[in-house]
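# Coordinates in review
Given next are the chains, with one letter for each unit.
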Amino acid sequence: MKNAKPKTASAPAKTRSKTLPKTAYSKDEIAEVFRRFSIQRPEPKGELEHVNPFTLVVAVALSAQATDAGVNKATRALFAAADTPEKMVALGEDTVRDYIKTIGLYRNKAKNVIALSEKLIADFGGEVPRTREELVTLPGVGRKTANVVLSMAFGQATMAVDTHIFRIANRLGLAPGKTPDEVEAQLMRIIPDHYLYHAHHWLILHGRYCCKARKPECLRCVIADICKAAEKTNTIPAPLVELPQQFMDPPLP
Ligand code: SF4
């Protein structure tokens, strides 16, 4: 399934809190950072394979502490066998466990997949709900999973803070925060609305391919002149061009 697009840029609920630490960047600098990201990757996509909102919920729930590529490998066969909550329940926990046993924490995740399928049938008519409040009532679905589902399945602008986004937000001083929730609130507040829908993927991909955890590749960085990270090793921005496909996708396992 292709990612849903933000048809009406469904106004994100911008959280404002006086207690949040301040970004180290001016409004213009933030706009310029995301303008450059938008040129590098005009159409960033989520990497988790899915065929409908239900399989996306399952894929995201399975992806905790696992790579997207590893999840895709397991879910291709699983989703061919069961792409609705009803079929998943019919498959049963033991069989689901067999399909996903290459993924970390698979026993618990198989339990959750069945439990969330049962809840979708019992409480939501077999449909994936469209609000964060409802999504987080599903077993194995936390705020981050709900944000990914709202964005990828329903085109809502959200900010699911993963390890890359948390690192970049703090390393650059872009949206400092002690917890993913703090970083999420700060990013939702400072990123211009028209960049918000894709911002989640831009930050993840920038972290995965350029601003890497152990050693950021500042020589290849298009925001090296703006970045205020202490670890920065270069101040000349890399040429601003659309990147080839290999910098759009997850690395192979
Ligand atoms: S200049 Fe270096 S530290 Fe700053 S964002 Fe780019 S890669 Fe990361």
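Everything numeric in this text was worked out from a predicted model, so none of it was measured. (Residues numbered from 1 in each chain as written. Predicted model: local features only at pLDDT ≥ 70, side-chain atom pairs only at ≥ 80, totals over all residues.)

Contacts to the ligand come from 13 residues, most closely from Cys211, Pro216, Cys218, Cys221 and Cys227. Here the residues of the shell around the ligand are counted per class, giving 10 nonpolar, no polar and 3 charged. (Near = placed C-beta within 6 Å. Nonpolar A, V, L, I, M, F, W, Y, C, P; charged D, E, K, R; others polar.)

Keep in mind that low pLDDT regions are not for reading the predicted coordinates in detail. Residue-level pLDDT values for the chain average 89, and 89% of them are 70 or greater. The lowest-confidence element of the chain is helix α8 (residues 143–154), averaging 91 in pLDDT; the highest-confidence one is helix α4 (residues 85–91), averaging 98. (pLDDT = per-residue confidence, 0-100. Helix = DSSP H or I, 4+ residues; strand = E, 2+ residues; numbered from the N terminus.)

Here we take up the environment of Ala238. Relative to the helices and strands, Ala238 resides in the segment after α11 (193–209). Considered as a pair, Ala238 and Cys218 are 20 residues apart in the sequence and their alpha carbons are 8.5 Å apart. Excluding anything up to four places from it in sequence, Ala238 contacts Leu219, Arg220, Cys221, Val222 and Ala224. (Contact = placed C-beta atoms within 7 Å.)

Bringing the packing of helix α9 (residues 163–171) against α11 into the picture now. At their nearest, the axes of α9 and α11 sit 8 Å apart, and the two run at 85 degrees to each other. Put simply, α9 runs roughly perpendicular to α11. Together, His164, Ile165, Arg167 and Ile168 of α9 and Leu203, Ile204, His206, Gly207 and Arg208 of α11 make up the contact between the two elements. Its residues placed into classes, the contact of α9 with α11 shows 4 nonpolar, 3 polar and 2 charged. (Axes fitted to C-alpha atoms, helices over the stretch in contact; angles between N-to-C directions. Parallel < 35°, antiparallel > 145°, perpendicular 65-115°, else oblique.)

Here we take up helix α3 (residues 68–81). The end-to-end C-alpha separation of α3 is 20 Å, in line with the 20 Å expected for 14 residues at 1.5 Å each. Within α3, burial applies to Asp68, Val71, Ala74, Thr75, Leu78 and Phe79. Check the buried side of α3 and you find it contacts α2 (53–62) and α5 (93–99). (Expected span 1.5 Å × (residues − 1). Buried ≥ 20, exposed ≤ 12 C-beta atoms within 10 Å, placed from the backbone.)

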